[in-house]
Amino acid sequence: MEEGAAKIRIDKWLWHARFFKTRSLAAKQVSAGHVRLNADKISKPAQNVTPGDVLTFPQGRQIRVVRVEAIGERRGPAPEAQTLYFDMTEKQESVPANPRFEGKGRPNKKSRRALDLTRRGDIH
């Protein structure tokens, strides 16, 4: 394979590697300036990437850092897509859910029954 042939548009690669559901969503992220190629902000989806490049972009609630390992011929199944990159993202602990505030808000049916029983006991 020639040296010049080993490159692909960044939006197409992000779609091939299954980071975005559609190519247009990948292009929107790049156009909005949310993607960095080798620590440089890029804003054109036509920017080419080659194996060895490092991409930084937001996905969901986390920032992904990946190194391009291969270009890929098509958008294949997930196991095939995972061979296109090496994930350098630091592992983050899951964020705990918001705590429930006991005694706040409207009581449910079980709580209302318990309140009624305690009120009856106080009156008699």
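In this report, the structure presented in the accompanying data block is examined. These figures come from a predicted structure and were not determined experimentally.

## Focus: the pairing of strand 6 (residues 62-68)
Relative to strand 6, strand 5 (residues 54-59) runs antiparallel, the two being bridged by six bridges. What sits directly across from proline 58, in strand 6, is isoleucine 63. Connecting strand 5 to the antiparallel partner strand 6 that follows it, the hairpin turn spans two residues, and glycine 60 within it adopts a positive phi of roughly 70°. The pairing of strand 6 with strand 7 (residues 85-87) spans three bridges and is classified as antiparallel. Residue pairing in the sheet places valine 66 in a bridge with aspartate 87 of strand 7.

## Details of a positive patch on the surface
Among the surface-exposed residues, Arg106, Lys109, Arg112 and Arg113 lie close enough to one another that they form a single positively charged patch. The topology assignment puts lysine 109 in helix 4 (residues 109-123).

## Digging into helix 2 (residues 23-31)
Listing the buried residues of helix 2 in full gives Ala26, Ala27, Gln29 and Val30. Take helix 2 and look down its axis: the buried residues cluster within an arc of 160°, on one side only. Buried residues along helix 2 sit against helix 1 (10-16), strand 2 (35-37), strand 3 (40-42) and strand 5. After helix 2 finishes, the residue glycine 33 shows a positive phi value of roughly 85°.

## Describing the environment of proline 77
Within the secondary structure, proline 77 is located in the loop between strand 6 and helix 3 (78-81). Residue classification places proline 77 among the partly exposed residues on the basis of a relative accessible area of 42%. Linking proline 77 and histidine 16, residues 61 residues apart in sequence, is a C-alpha distance of 9.4 Å.

## Considering the packing of aromatic side chains
Using the criterion set out here, one finds five aromatic pairs in the structure. Taken together, a centroid distance of 6.1 Å and an interplanar angle of 35° make the contact between tryptophan 13 and phenylalanine 19 tilted. On the accessibility criterion, tryptophan 13 (0% relative accessible area) is buried. Judged by centre distance (6.5 Å) and plane angle (80°), the ring pair of tryptophan 13 and tyrosine 85 falls under edge-to-face. Residue tryptophan 13 is located in helix 1, and its partner tyrosine 85 is located in strand 7; the two are separated by 72 residues in the primary sequence. Tyrosine 85 carries the same exposure label as tryptophan 13, and that label is buried.

## Notes on the pairing of strand 5
Pairing of strand 2 with strand 5, which is carried by two bridges, proceeds in the antiparallel orientation. The partner of arginine 36 across the bridge, within strand 5, is threonine 56.

## Observations regarding unusual backbone geometry
Positive phi is not limited to glycine here, since asparagine 38 has a value of about 55°. Looking at the element boundaries, asparagine 38 is found in the loop between strand 2 and strand 3. Here asparagine 38 falls in the partly exposed class, since its relative accessible area comes to 39%. Of note, alanine 39 is a non-glycine position whose phi angle comes to about 70°, a positive value. Positionally, alanine 39 belongs in the loop between strand 2 and strand 3.

Cut-offs used in this document
Residues numbered from 1 in each chain as written. Predicted model: local features only at pLDDT ≥ 70, side-chain atom pairs only at ≥ 80, totals over all residues. Heavy atoms only, no water. Pairing = 2+ DSSP bridges. Helix = DSSP H or I, 4+ residues; strand = E, 2+ residues; numbered from the N terminus. Patch = residues over 30% accessible without salt bridge, like charges linked within 9 Å, V, L, I, M, F, W, Y side chains within 5 Å. Areas by Shrake-Rupley, 256 points an atom, 1.4 Å probe, with all protein chains shown as cover. Salt bridge = Lys/Arg side-chain N within 4 Å of Asp/Glu carboxyl O. Lys, Arg positive; Asp, Glu negative; His and termini not counted. Charge placed at Lys NZ, Arg CZ, Asp CG, Glu CD. Buried < 20%, exposed > 50% of the residue type's maximum accessible area, 1.4 Å probe, protein only. Arc of directions from axis to C-beta. Contact = heavy atoms within 4.5 Å. Phe/Tyr/Trp six-rings, centres within 6.5 Å; stacked < 30°, edge-to-face > 60°.

Don't take any of this as a statement about function, it's just geometry.
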